[in-house]
Amino acid sequence: MKDFNYHSAKDSKEASKLASSSSAFLAGGMTTIPSMKLGLATYKDLIDIKNIKKLSGIKVSGKSVTIGAATKHVEVSNSKDVKKAIPSLSSLAEGIGDPQVRNRGTIGGSIANNDPSADYPSACIALNATIHTNERKIEAAKFFKGMFETALKKGELIEAIEFQIPEKSSYQKHPNPASRYAIVGVYVAKHKGDVNVAVTGAKSCVYNDKEMSKALTGNFSSSSIDGMDLDSSEMNSDMHASADFRASLVVTQAKKAVDAC
Amino acid sequence: MASLVGSRVERKEDKRFLTGKGRYTADINLANQTYAIFVRSPHARASIKKLNIDKALKSSGVVSILTGKEIADDKIGGLIAGWAIRSEDGTEMKCPGNPPLAKDNVNFVGDPVAVVIAESLAEAKEAAEKVEVDYKVLKAVTSTADAMNGDTIHEGIDKNLCFDWLLGDRQKVKEAFDKADKVISIDIINNRLIPNAMEPRACVADYNAASEEITLYTTSQNPHLSRLIMSAFGNVAPEHKLRVVAPDVGGGFGSKINVYNEDIVCSWAAKKINRAIKWVAERSESFLTDIHGRDHVTHAELAVTKDGKFLGFKNETIANLGAYARVFGTVTPTYLFGPCATGVYEIPAAYTNVKAVYTNTAPVDAYRGAGRPEATYTIERLVEKASMELGIDKTELRIKNFPTAFPFKQTLVHTVDSGDYVAGMEKAKQMADYKGFDARRKESEAKGKLRGIGVTSYFEACGIAPSAAVMSLGCGVGLWESAEVRFNPTGQVTVYTGSHSHGQSHQTTFAQIAADELGVPIENIDIVHGDTDKGTFGMGTYGSRSLAVGGIAIVNACKKIVEKGKRVTAKMLEANPEDVEFKDGEFIVSKSNKKKTIGEVAFACYLPGVRDEMKSPLPEGDEPGLKETSFYDPSNFSFPAGTHIAEVEIDPETGHVKLEKYTACDDFGRIINPMVVEGQVHGGLAQGIGQALYENAEYDETGQLMTGSYMDYTMPRADNFPEFNIGYTCTHATTNPLGVKGCGEAGAIAAPPTVMNAVIDALGGQEVTMPATAEKVWKACKNLKKSNAKAA
Ligand SMILES: Cc1cc2nc3c(=O)[nH]c(=O)nc-3n(C[C@H](O)[C@H](O)[C@H](O)COP(=O)(O)OP(=O)(O)OC[C@H]3O[C@@H](n4cnc5c(N)ncnc54)[C@H](O)[C@@H]3O)c2cc1C
């Protein structure tokens, strides 16, 4: 690993002031540190944001659950409040990586990174999340731009993620057997009025499957999407799963999610 | 005194391991040490046009940079194949040179071309990036099946063929096939695996300019053998000036048998720079450069009568050796494979033909089971297919062809001394509730799932091996083992063994054996291994040989101690040695009932005299001291055997295979410590099931390893397995005094066909290759649905 400067910011303002084109925020470090060790990324400055009090913690109101950006996966998976308000969100967190990763990795780091196979982005889409940054509020639907790409500007810091509490929801992941990231993960959330079917792992970026959402909004039963033949032309294909297999898994996992709701 | 052999004695080594007090090679730091980083080829096949170290030499902290040129100039030898295999046409195998640092050509991604030695690891890494190598990239050969049609990798080795070997009689087989009612044939791939020991390879080399001695601490399964190879072939130093220490080693599975490039380079370079050098592999280096396992492409046929008697067997295999032939690289796909390929069956005629090919991939060598998993997979997949095609129950068909008497003269090479295969099968069926399977299948079907059951009956030849036999087959060394048993004057015992424990619990099981033989409490017995300066020469640990060969050497050395003790007791008590009996640590004169404890005898041996008398307690001709050595050369291999049964449930929508039940009923002969044996079985099963369902080393057509990290190479985890159902039948080996057979590899040998037979059973007989990943199984389920629809 190349040498770098370590800074610990005491608040959001200091953190974003320290940021530059050759810096990264250090949250859990579960993505940043391995990339630096493998020489895939080099930074001059790492700005530790874990000591910013405001960024950690979970708040539940009548309609929403708000999670501080530096809250660890393990905190979300263990939170009684989350379990009660949105049980599928806590079980999603429980299914990320392994205990070591969950004990360090954070929700903010996960969505800022926007790995096409990460789990949390699907929750953001399915649960109509609002991403609170030090500068503004961004709707999830406008936040995830593409592979490892988000609407964040340089130095912009995510402070919290606010999830809308659905009537029912479930996240079903078909994990990559090696890494246990999602080969396909489908987050189904039934809100008053409409249903979101957020899909991760299948394409270059998380998305809401309009076709399935529509079918399920009409009739919230797995039979209404059974046998659906999704277009696989934009789906990922790698040694773990071809595009066709992924297309089939999206429907299968969505059905499982609906049945589990 | 109660016998310790057979009881669950707690592991002596656990205190050290569980409290973080293990001492592995990477824990060793020497004064003034430097750090090595190897510059490795990023290409699978290339010639080196130019190598420029000027910039790197100027990098901060650099002590030295050495390349293939210096190593060639110093006449340091390369890595070698330990077995000479002869082709069917009588010609000797063809092996390329394998210099520790490549000078002219690189042949796989990871092949080292230079070593950078610096004051710190970070500086070594930084400088290594500045070494400029100008490669002319050549077309790589990566496919096992097509290797013979690829460009010639090594000059002078036509068709990339190392040897084309035959075991058996083609003519007899042809005659058997002519008489057959039916021929079952199968095409299978034995997937390439990466051993993935938990501790990556490492070495620390030190040079003492005054004594001119090199000390190498390294992650080896066989330090004595490593020293021999490094000295005799590597020309690193004469044996008496080279000490090899393999301290705690965190798993080997065969991958740490070989002497590796880094061992030779660091030892040689430490002397050159007159400083200690430390190298620890990063995990990605382990993926690229540890030996890999398996990688066979096989076509096999079984000739049968309509009522299920086996008449003949053919096995045509292409085995991938990777870029170079290494220590057990050539014997693994031949003598460790061919003889076992006819399995536990009486088959009158058989042959195995193996074409071993070079490719631009990491060298392939012995990995847990070495050859026997490939053999068992071949025959057991074939037998399962025969049962489907003949409509004979899979267990009945096997029993029908089991040997009826022991010793069992197996078709090709081995004479199996002992066993009871029918009893093993019956017990396994009971343990697995074989009868209840149909009901369970119906339950699964009611949930929309597919359920399958798979059986494997195996035997394997381990406890390697009689020296005369292996040397006649081309082995470069004899495969005996040594032990030295030393009493201290005050009665504690140190046992030096040539075996090496890297997870096998020798410290405990060997001490159990010595405790029983000598009647000394186990707390007073220490097992020492892993250092060429301590104890006599030994051949190391692999091929489930530690107990069946190394353990017997301990028994024999103990017996010599007891013999001497009898003579000494007789002299002390003025009796005839023939009248002295030894039991539970006491020498008793049968006529007078007078006795001496073994501790008293040891004491007397070290202090041969008594106050006021000019009298030695030692009989004439006996020297002072109590220390005996044994070199034990086994008279035969040992032959563990057993039946395993697996049950899987498949979700046809996702292709997910869930291993529901796994039953292993093994015959390992006498069991020294059941707890340790369970651990060995569990580990072997995990690796065998890993091969069947998860693990696969995949290269792309340019020779890049696609599965070079745990993000892509699926190491099985605990939650992939059900609770294993383990049982034993126990027939003692007749060829060694303990009656032991060996248990280290059985799980890895039996599990792949057992699991795959279950998967394929669930899929209505459709073949899928290992590993049975979700996508492959999902596709097979779709086909099954289609063909069922057609049939309906
Ligand atoms: C072995 C392993 C397995 C894993 N398995 C999974 C899995 O199954 N599913 C899954 O979803 N993920 C998985 N992950 C990823 C894990 O969830 C990471 O924790 C996550 O991707 C990054 O979070 P982090 O807190 O570690 O971020 P860091 O590594 O600290 O930072 C990552 C990036 O996010 C930026 N960043 C961090 N916080 C903020 C913020 N508040 N505002 C703006 N930018 C920020 C940083 O600048 C950096 O560029 C795995 C990781 C590992 C190592």
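Residues numbered from 1 in each chain as written. Chains lettered and ligands numbered in written order. Predicted model: local features only at pLDDT ≥ 70, side-chain atom pairs only at ≥ 80, totals over all residues. Heavy atoms only, no water.

With respect to the overall build of chain B
Applicable threshold: The helix count covers DSSP runs of H or I at least four residues long, the strand count covers runs of E at least two residues long, and both are numbered beginning at the N terminus. We take the radius of gyration over the C-alpha atoms and set the globule estimate at 2.2 Å times the residue count to the 0.38 power. Categorising residues by exposure relies on relative accessible area from a 1.4 Å probe, with only protein chains included: less than 20% of the type maximum marks a residue as buried, more than 50% marks it as exposed, and the intermediate range marks it as partly exposed. The contact definition used throughout considers only heavy atoms, calling two residues in contact when any of these lie within 4.5 Å. The protein chains shown are the only cover counted for residues, whose accessible areas, like all others here, come from Shrake-Rupley with a 1.4 Å probe. Just so you know, the count uses Lys and Arg for positive and Asp and Glu for negative, and it drops His and the chain ends. Lys charges are placed at NZ, Arg charges at CZ, Asp charges at CG and Glu charges at CD.
Of regular secondary structure, chain B possesses 19 helices and 28 strands. Computed over its C-alpha atoms, the radius of gyration of chain B comes to 28 Å, within 12% of the 28 Å expected for a compact globule of 792 residues. Summarising its shape, the C-alpha atoms of chain B cover approximately 105 × 75 × 50 Å along the three principal directions. Put simply, chain B has 792 residues, and 61% of those count as buried. Long-range contacts, defined here as pairs at least 24 residues apart, represent 80% of the contacts in chain B between residues at least 6 apart. As displayed, chain B offers around 29300 Å² of accessible surface, 51% of which is attributable to carbon and sulfur atoms. With 90 positive and 102 negative side-chain charges, chain B shows a spacing of 1 Å between the two charge centroids.

Details of the sheet that holds strand E28 (residues 724-728) of chain B
Residue and element names in this part refer to chain B. Note the threshold: Only when DSSP finds a minimum of two bridges between them are two strands counted as paired. The convention used is that axes are lines fitted to C-alpha atoms, helices contributing only their stretch in contact, and that angles between N-to-C directions extend from 0 to 180 degrees.
Within the open sheet, the four strands sit side by side as E18-E26-E27-E28. Their pairing is mixed. Single-partner strands in this sheet number two, and they are strand E18 (450-459) and E28. Averaged over all pairs of adjacent strands, the angle between strand axes in this sheet comes to 15°, irrespective of strand direction. As judged from the eleven bridges shared by strand E26 (residues 641-651) and strand E27 (residues 656-667), these two strands associate in the antiparallel manner. Residue pairing for E27: His644 is matched across the bridge by Ala664.

Structural notes on the confidence of the model for chain B
This is how the line gets drawn: You can read pLDDT as the predictor saying how much it trusts each residue, on a scale of 0 to 100.
Overall, the prediction assigns chain B a mean pLDDT of 97, with 100% of residues at 70 or greater. Taken over the whole predicted complex, pTM reads 0.97, whereas the ipTM for its chain interfaces reads 0.95.

Structural notes on the pattern of salt bridges
Stated formally: Criterion for a salt bridge: a side-chain nitrogen of Lys or Arg within 4 Å of a carboxyl oxygen of Asp or Glu.
For the structure on display, the rule yields 66 salt bridges over all chains. Ionic pairing is found between Glu156 of chain A and Arg136 of chain A, a salt bridge with its closest N-O pair at 2.7 Å. One end of the pair, Glu156 of chain A, is in the loop between strand E9 (149-150) and strand E10 (158-164); the other, Arg136 of chain A, is in the loop between strand E6 (130-133) and strand E7 (137-139), with 20 residues separating them in the sequence. With a relative accessible area of 3%, Glu156 of chain A lands in the buried category. The partly exposed category is assigned to Arg136 of chain A, whose relative accessible area is 30%. Put simply, Lys69 of chain B and Asp73 of chain B hold a salt bridge, and the shortest N to O gap is 2.7 Å. Of this pair, Lys69 of chain B and Asp73 of chain B both sit in helix H3 (residues 68-73), four residues apart, roughly one helical turn. Residue classification places Asp73 of chain B among the partly exposed positions, given a relative accessible area of 46%. Because the salt bridges share partners, they merge into one network encompassing Glu380, Glu384, Lys394, Arg398, Arg441 and Asp761 of chain B.

Structural notes on the pairing of strand E11 (residues 168-175) of chain A
All names here are of chain A. With eight bridges connecting them, E11 and strand E12 (residues 182-190) associate as antiparallel partners. The partner of Lys173 across the bridge, within E12, is Gly185. A loop of six residues connects E11 with E12, the two strands running antiparallel in sequence, and Arg180 in this loop sits at a positive phi of about 70°.

Quick look at the domain arrangement of chain B
Residues and elements named next belong to chain B. Here is the rule we go by: By convention here, the domain bounds are inherited from an automatic or database domain assignment. Throughout, the accessible surface (probe 1.4 Å) given up by two parts as they are put together, summed over both, is called the buried area. The term polar contact refers here to a pair of N or O atoms within 3.5 Å; inside protein, the definition further demands a hydrogen-donor-capable atom paired with an acceptor-capable atom, and it admits residues adjacent in sequence only when both atoms are side-chain atoms. Residue classes follow a fixed rule: Ala, Val, Leu, Ile, Met, Phe, Trp, Tyr, Cys and Pro count as nonpolar, while Asp, Glu, Lys and Arg count as charged, and any other residue, Gly among them, counts as polar.
We note that the domain assignment places domain 1 (14-138 + 198-251 + 256-289), domain 2 (296-464 + 636-791) and domain 3 (480-632) within chain B. Its C-alpha centre places domain 2 at a distance of 42 Å from the equivalent point of domain 3. On the side of domain 3, 18 residues touch domain 2, which itself brings 21 residues to the contact. Summed over both partners, the interface of domain 2 with domain 3 comes to about 1400 Å²; 67% of that surface belongs to carbon and sulfur atoms. Three residues, Ile464, Ile672 and Leu738, lead the burial of domain 2 against domain 3; their summed loss comes to 35% of the area buried on that side. Our count for the domain 2 to domain 3 interface comes out at zero salt bridges. The interface formed by domain 2 and domain 3 includes eight residue pairs in polar contact (both at pLDDT 80 or more). By residue class, the composition of the side of domain 2 that touches domain 3 is nine nonpolar, eight polar and four charged.

So, the site of the ligand
Residues and elements named next belong to chain A. For clarity, the threshold we go by: Being near a molecule or strand, for a residue, comes down to having at least one heavy atom within 4 Å of it.
Around the ligand, a shell composed of 30 residues is seen, among which Gly28, Gly29, Met30, Thr106 and Asp119 lie nearest. One of the backbone N or O atoms of Gly28 is found 2.7 Å from an oxygen atom in the ligand. Asp119 is positioned with one of its side-chain polar atoms (N or O) 2.8 Å from a nitrogen atom of the ligand. Among the elements that line the shell around the ligand, the one with the most residues is helix H7 (residues 107-113), at four residues. Grouping the constituent residues of the shell around the ligand by class yields 15 nonpolar, eleven polar and four charged.

A few points about the nonpolar core
For soluble globular proteins, nonpolar side chains are generally found buried alongside one another. Residue and element names in this part refer to chain B. Selection criterion: What makes a nonpolar core is a set of buried Ala, Val, Leu, Ile, Met, Phe, Trp, Tyr and Cys residues whose side-chain atoms join them at distances within 4.5 Å.
Core analysis: the biggest nonpolar cluster contains 153 residues, and Leu302, Ile650, Tyr662, Ile689 and Val759 have the highest contact counts within it. The leading source of residues in this core is helix H18 (residues 746-762), at ten residues. Core analysis: the second largest hydrophobic core is formed by 44 residues, Ala483, Val520, Ile527 and Val580 among them.

Let's talk about helix H7 (residues 261-273) of chain B
All names here are of chain B. The following threshold applies: In a helix, the anticipated span is given by 1.5 Å times the number of residues less one.
The terminal C-alpha atoms of H7, which comprises 13 residues, lie 18 Å apart, in line with the 18 Å expected from a rise of 1.5 Å per residue. Of the residues making up H7, those classed as buried are Asn261, Glu262, Asp263, Ile264, Val265, Cys266, Ser267, Trp268, Ala269, Ala270 and Ile273. Once H7 finishes, Asn274 follows within two positions and takes phi at roughly 55°, a positive value.

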